[in-house]
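Residue-level structure breakdown
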Amino acid sequence: MPYKTRGLFEFMRNQPTQLDIPTTDLTGRVVIVTGSNSGVGLEAARQLAQMSPDRLILAVRRPNAGREAATSIAASSNVRVKPEVWTLDMASFASVRAFAARCDQELARLDIFVANAGMSSPTYKQTGDGIEAITQVNTLSTTLLACLIAPILARTATLPALAKSPSFKPHLTIVTSYVHYLVADLPGLNDGTVFQYANNPKNFNGIGSTYRTSKLILMLNIPAIAAKAGPSVLVTAVDPGHVATNITRELKGVMVFVVGVLNKMYARSPEDGAKPLVWASVAPLPSSGLYSSSCKITKPSEMVMSDKDGSKNTAVWREMQVIWKEKAGIDVPL
Ligand SMILES: NC(=O)c1ccc[n+]([C@@H]2O[C@H](COP(=O)([O-])OP(=O)(O)OC[C@H]3O[C@@H](n4cnc5c(N)ncnc54)[C@H](OP(=O)(O)O)[C@@H]3O)[C@@H](O)[C@H]2O)c1
């Protein structure tokens, strides 16, 4: 089947809204959700808040929006935790680094980290670090943050078991997307220019190949992140499905109409779109490094599956390592 048809097929198959999530008692635990002032991140934070964690940290780039989200979550039924708002701008490596350092210094434990923040835009923009914004936010910063947070989760696994849900393992949930199925090739993979290609405005297709590729590379990175986190942490890539959220807010003209029709036909509500994130964050999954969609483990795209020897991931990691070293001052070897 051609990859586009297969991608469309996966997309339609993955859209049921009847999703069940297990209820877990998170008493005594600490939860962080990034990008939790809007969309599936906000609703995932709300659903996790209803499982009684001791601390819930909303990691957002706009503190005012974070405070509004915190008020809204605190006012929800069955919520006792008072959400905290911490600043994190994924378009800045300095912010990612400072946020991870704050987690390391201030948290005695961290049980669930949901790396949800992500973006799409029809307009080419560069971050202050000089990188195309979608690529930095969705791929480079998300992977870097996951690598910096993983040791904190692993450290939590060494603490004495809590009275409630004693066998619960720390979870690192990384929000990817079904759109990674739609990527047929990765330009620059063979000559180490994947990120140079992505940074070139001539190659930019924000809601198309640029966004899809940002999620594909994130998918390729999952086994390496799981290896870094170690066996005591459950790392899972999650597709929320097609969800009607603010991610399309910058669209204009005919695309507003197209997305509006698609949303009416297929989209999950943010509440339903959050369930796969929550499921992956609390379920006792059989192993780490898996991909999930619609609250079940499923197969990623053929390009991801075919990277059994990790050669594609090694190639992109080499490039990322240079960028992180140069722009963030951090060496993150494979
Ligand atoms: N909606 C879908 O159909 C769909 C499908 C597959 C995957 N996803 C993924 O799901 C995740 C959540 O998206 P959503 O649909 O819920 O969209 P959304 O409503 O736009 O939420 C995105 C969240 O990410 C935050 N964010 C964006 N750029 C950031 C930055 N530089 N630093 C920190 N936070 C930043 C946003 O903050 P601001 O409010 O400040 O912008 C917002 O809180 C994303 O990773 C997205 O790629 C969505």
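Here the structure is shown first, and the text comes after it.
Residues numbered from 1 in each chain as written. Predicted model: local features only at pLDDT ≥ 70, side-chain atom pairs only at ≥ 80, totals over all residues.

1. Here's the deal with unusual backbone geometry
Let me state the cut-off plainly: Secondary structure follows DSSP: runs of H or I at least 4 residues long count as helices, runs of E at least 2 residues long count as strands, and numbering of each begins at the N terminus. Three exposure classes are used, all based on how many other C-beta atoms lie within 10 Å of a residue's own C-beta (placed from the backbone): buried at 20 or more, exposed at 12 or fewer, and partly exposed between those limits.
Phi at Asn78 is positive, roughly 60°, even though this residue is not glycine. Relative to the helices and strands, Asn78 is located in the loop between α3 (63-74) and β3 (84-87). A positive phi is found at Ser165, a non-glycine position, where the angle reads about 50°. Relative to the helices and strands, Ser165 is located in the loop between α5 (133-157) and β5 (171-175). The partly exposed category is assigned to Ser165, around which 18 C-beta atoms lie within 10 Å.

2. Comments concerning the site of the ligand
What counts here: To decide whether a residue is near a molecule or strand, its C-beta atom is placed from the backbone and checked for lying within 6 Å of it.
Close contacts around the ligand come from 28 residues, with Gly35, Gly39, Gly118, Ser177 and Thr245 the closest. At three residues, helix α2 (residues 39-49) tops the list of elements feeding residues into the shell around the ligand.

3. Quick word on the pairing of strand β2 (residues 55-60)
What counts, and what does not: Only when DSSP finds a minimum of two bridges between them are two strands counted as paired. Handedness is read with the strands pointing away from the viewer; a crossover is right-handed when the path from the first strand over the helix to the second is clockwise.
The buried count for β2 comes to five of six residues, which makes it a mostly enclosed element. Of the strand pairs in this sheet, strand β1 (residues 30-34) and β2 are connected by five bridges, and their pairing is parallel. Opposite Val30, over in β2, you have Arg55 as the bridge partner. Crossover β1 to β2 through α2 is right-handed. As paired strands, β2 and β3 are joined by four bridges and run parallel to one another. By the bridge assignment, Ile57 is partnered in β3 with Glu84. At this point the chain moves from β2, through α3, to the parallel β3, and the crossover so formed is right-handed.

4. Some words on the sheet that holds strand β8 (residues 296-298)
Backbone-to-backbone hydrogen bonds pair the strands of a sheet. The strands run either parallel or antiparallel. Which entries qualify depends on this criterion: Angular values range over 0 to 180 degrees, each being the angle between N-to-C directions of two axes fitted as lines to C-alpha atoms, with helices fitted over their stretch in contact. This entry defines residue contacts through backbone-placed C-beta atoms, with two residues in contact when those atoms are within 7 Å.
With mixed pairing, the eight strands of this open sheet are ordered in space as β3-β2-β1-β4-β5-β6-β7-β8. Two strands lie at the open edges of the sheet, namely β3 and β8, each paired on one side alone. Recorded for the sheet is a direction-independent mean angle of 25° between the axes of neighbouring strands. Strands in contact with α3 are β2 and β3; relative to β2, the strand with the most contacts, it is inclined by about 145°. Most of the contacts of α5 go to β5, to which it runs at about 170°, and overall it touches β4 (112-115) and β5.

5. Considering the packing of α5 against helix α7 (residues 206-229)
Test applied: Should an angle fall under 35 degrees it is called roughly parallel, over 145 degrees roughly antiparallel, and 65 to 115 degrees roughly perpendicular, with every other angle called oblique. Two helices that cross are described as forming a left-handed crossing if the nearer one is turned anticlockwise from the farther one by less than a right angle, and a right-handed crossing if clockwise.
At their nearest, the axes of α5 and α7 sit 8 Å apart, and the two run at 15° to each other. Accordingly, the angle class assigned to the pair α5 and α7 is roughly parallel. Seen along the crossing, α5 lies across α7 with a hand that is right-handed. Residue-level inspection shows Ile134, Thr135, Asn138, Thr139, Thr142, Thr143, Ala146, Cys147, Ala150, Leu153 and Ala154 of α5 in contact with α7, the latter providing Gly206, Thr210, Tyr211, Ser214, Lys215, Ile217, Leu218, Asn221, Ile225, Lys228 and Ala229.

6. Some points on α7
Let me state the cut-off plainly: A residue's bend is simply the angle between two axes: one fitted to the seven residues ending at it, one to the seven starting at it.
The sharpest bend along α7 measures roughly 40° and falls at Asn221, with the proline Pro223 sitting one to four residues further on. Of all 24 residues in α7, 18 are buried; the element is thus mostly enclosed.

7. Here's the deal with the nonpolar core
Where we set the bar: Think of a nonpolar core as buried Ala, Val, Leu, Ile, Met, Phe, Trp, Tyr and Cys residues, each tied to the set through C-beta atoms within 7 Å.
Core analysis: the largest hydrophobic core is formed by 92 residues, its most contacted members being Leu48, Ile149, Leu172 and Ile174. Ranked by residues supplied to this core, first place goes to α5 with 13 residues. Not counting the four nearest positions on each side in its chain, Ile174 is found in contact with Ala115, Thr142, Ala146, Leu218, Ile222, Val235, Ala237 and Val238.

8. A short note on the environment of Ala244
Mapped onto the fold, Ala244 is located in the loop between β6 (234-239) and α8 (254-266). Each C-alpha atom of the pair Ala244 and Asp20 lies 19 Å from the other, and the pair is 224 residues apart in sequence.

9. Section: the packing of helix α4 (residues 93-106) against α5
Where we set the bar: Ten residues, namely Ala, Val, Leu, Ile, Met, Phe, Trp, Tyr, Cys and Pro, are considered nonpolar, four, namely Asp, Glu, Lys and Arg, are considered charged, and the remaining ones, Gly among them, are considered polar.
Contact pair α4 / α5: the axes reach a minimum separation of 10 Å and the direction vectors enclose 15°. The orientation of α4 relative to α5 falls into the category roughly parallel. In the crossing of α4 with α5, the sense of the turn from one axis to the other is right-handed. On α5, the residues touching Phe93, Val96, Ala100, Cys103 and Asp104 of α4 are Ser141, Leu144, Leu145, Leu148, Ile149 and Ile152. Of the residues in the contact of α4 with α5, the class split is nine nonpolar, one polar and one charged.

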